[in-house]
Amino acid sequence: MAHLHSTVLILGSGAAGLTAAIYTARAGLDPRLVHGIQPGGQMTITTDVENYPGFADVIQGPWLMEQMQTQAENVGVEMFPDIIVEADLLTTPFKLKGDGGNTYSCDSLIISTGAQAKWLGLESEQKYQGFGVSACATCDGFFFRGKEVAVIGGGNTAVEEALYLTNHATKVKLIHRREILRAEKILQDRLLNNKKVEVLWNSVLAEVIGKTDLNLPQVTGMRVTNVQSREVVDIPIDGIFVAIGHTPNTDVFKGQIPMDEEGYLITKPDSTATAVPGIYAAGDVQDRIFRQAVTAAGTGCMAALEVEKYLTALNAKEIAAAEQS
Ligand code: NDP
């Protein structure tokens, strides 16, 4: 077990964290980066990326993150495959602990721990998680080749996942609680024009139906309630993908950095600064609205530039104090 001190510590290795790392390394601040629970972040569970500028052809999410990580390594960022489980941010230097027992301290901290998929909270959903219930079509879609699946949600993620699943499944039923999709028009058009897709409007998943064979649970159907007519139907289905949004990964910072009611870190207007001097937040952990790889990279860059300024001012203060004493 080691103790490591750095001027800048970055938490998270998605687009925000890696961009912050590249910028702080190039500014000569010798940053250290802790990967977190999902190295490479949410882009590693995406397939086609068509909207990250700079690539005329479609690229793959995992490939893009590998490139960012290699770019960060090439400019000298030191990385740790660790997960932060404790944080003491009330005094400086900030102190953090990894799940393997390593401890970290730092003069400034960039939090880019991202967000993770939300679940509906049904008991049956939990029972069949990993056995036909998933929150990642690109991870698990392959297992449903030639089968019928459902996607829950009406946002961009749900529609993208439904479209992706049409590559594998014979039929995709999108279950949405309203009669208007939240997803972008272009995605809606693609969805509604796809013959493999059926949308169940004004509907919610009430229960996952399944069986247990040889001790292995398996999804066989779903109970769906129409929220207007209150009609309840049981529909045979092989897999269910829940795509109803995300929760920021901020549990470890509770009570130490101001966050909103959903746990997103609050940053000052036009800035990545939190209310705690020296702590900055970038990417999905502080962004409930845009949540794009390119905006995450943008705020990662902002955080790096703000940290640089903060450390310069801190150094100047320390030098002035030393001269006075
Ligand atoms: P969103 O919050 O946009 O959508 C969540 C969807 O799930 C909504 O349709 C919502 O319904 C529904 N929902 C939420 N809670 C429940 C519940 N308990 N029961 C049933 N349905 C529920 O999340 P997304 O993950 O889709 O997108 C997040 C952000 O990421 C967005 O800003 C999106 O634009 C962006 N994104 C962009 C992509 C791209 O540009 N290629 C790809 C993926 C995401 P309702 O509509 O009724 O609120």
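Residues numbered from 1 in each chain as written. Predicted model: local features only at pLDDT ≥ 70, side-chain atom pairs only at ≥ 80, totals over all residues. Heavy atoms only, no water.

*Asks:* What is the right way to read the overall build of the protein chain from this model?
*Replies:* From N to C terminus, the protein chain includes 7 helices and 19 strands. Over its C-alpha atoms, taken along the principal directions, the protein chain stretches across nearly 80 × 40 × 40 Å. Looking at the protein chain as a whole, 47% of its 325 residues qualify as buried. (Helix = DSSP H or I, 4+ residues; strand = E, 2+ residues; numbered from the N terminus. Buried < 20%, exposed > 50% of the residue type's maximum accessible area, 1.4 Å probe, protein only.)

*Asks:* What am I meant to see in the site of the ligand here?
*Replies:* In the vicinity of the ligand, 21 residues are found, and the nearest of them are N156, T157, E160, R178 and R182. Taking G155, its main chain carries an N or O atom lying 3.2 Å from an oxygen atom of the ligand. Take R177: an N or O atom from its side chain is 3.0 Å from an oxygen atom of the ligand. Bound to the protein, the ligand loses 76% of the 910 Å² it would expose on its own. Top contributing element to the shell around the ligand by residue count: helix α5 (residues 156–165), with 3 residues. Grouping the amino acids of the shell around the ligand by side-chain chemistry returns 5 nonpolar, 10 polar and 6 charged. (Near = heavy atom within 4 Å. Polar contact = N/O pair within 3.5 Å; in protein donor to acceptor, adjacent residues only side chain to side chain. Areas by Shrake-Rupley, 256 points an atom, 1.4 Å probe, with all protein chains shown as cover. Nonpolar A, V, L, I, M, F, W, Y, C, P; charged D, E, K, R; others polar.)

*Asks:* Please explain the pairing of strand β13 (residues 197–200) as it appears in this structure.
*Replies:* Here is the key point about a regular strand: its side chains alternate between the two faces of the sheet. In this structure, strand β12 (residues 171–175) lies alongside β13, joined through 4 bridges in parallel fashion. Within β13, the position partnered with K173 by the bridge is E198. (Pairing = 2+ DSSP bridges.)

*Asks:* Which parts of the structure should I look at to understand the side chain of N202?
*Replies:* When you line up the elements, N202 lands in the loop between β13 and β14 (203–213). The class for N202 is buried, based on a relative accessible area of 9%. Not counting chain neighbours up to four residues away, the residues in contact with N202 comprise H176, R177, R178, E179, T225, N226, V227 and Q228. (Contact = heavy atoms within 4.5 Å.)

*Asks:* Got a minute to help me understand the pattern of salt bridges in this structure?
*Replies:* Counting across every chain of the model gives 13 salt bridges. A salt bridge links E261 to R288; the shortest N-O distance between them is 3.6 Å. Remark: R288 occurs in the loop between β19 (279–281) and α7 (293–324) and E261 occurs in the loop between β18 (246–248) and β19; sequence separation between them is 27 residues. Within this structure, K118, D260, E261, E262 and R288 form a network of salt bridges that share partners. (Salt bridge = Lys/Arg side-chain N within 4 Å of Asp/Glu carboxyl O.)

*Asks:* Which parts of the structure should I look at to understand the sheet that holds strand β11 (residues 148–152)?
*Replies:* Across a sheet, paired strands are connected by hydrogen bonds in the backbone, their directions being either parallel or antiparallel. Across the sheet, which stays open at both edges, the 5 strands sit in the order β10-β17-β11-β12-β13 with parallel pairing between neighbours. Looking at strand neighbours, the two that pair on one side only are β10 (133–134) and β13, the edges of this open sheet. With respect to the sheet, α5 is in contact with β11, β12 and β17 (239–242), its orientation differing from that of β11 by roughly 170°. (Axes fitted to C-alpha atoms, helices over the stretch in contact; angles between N-to-C directions.)

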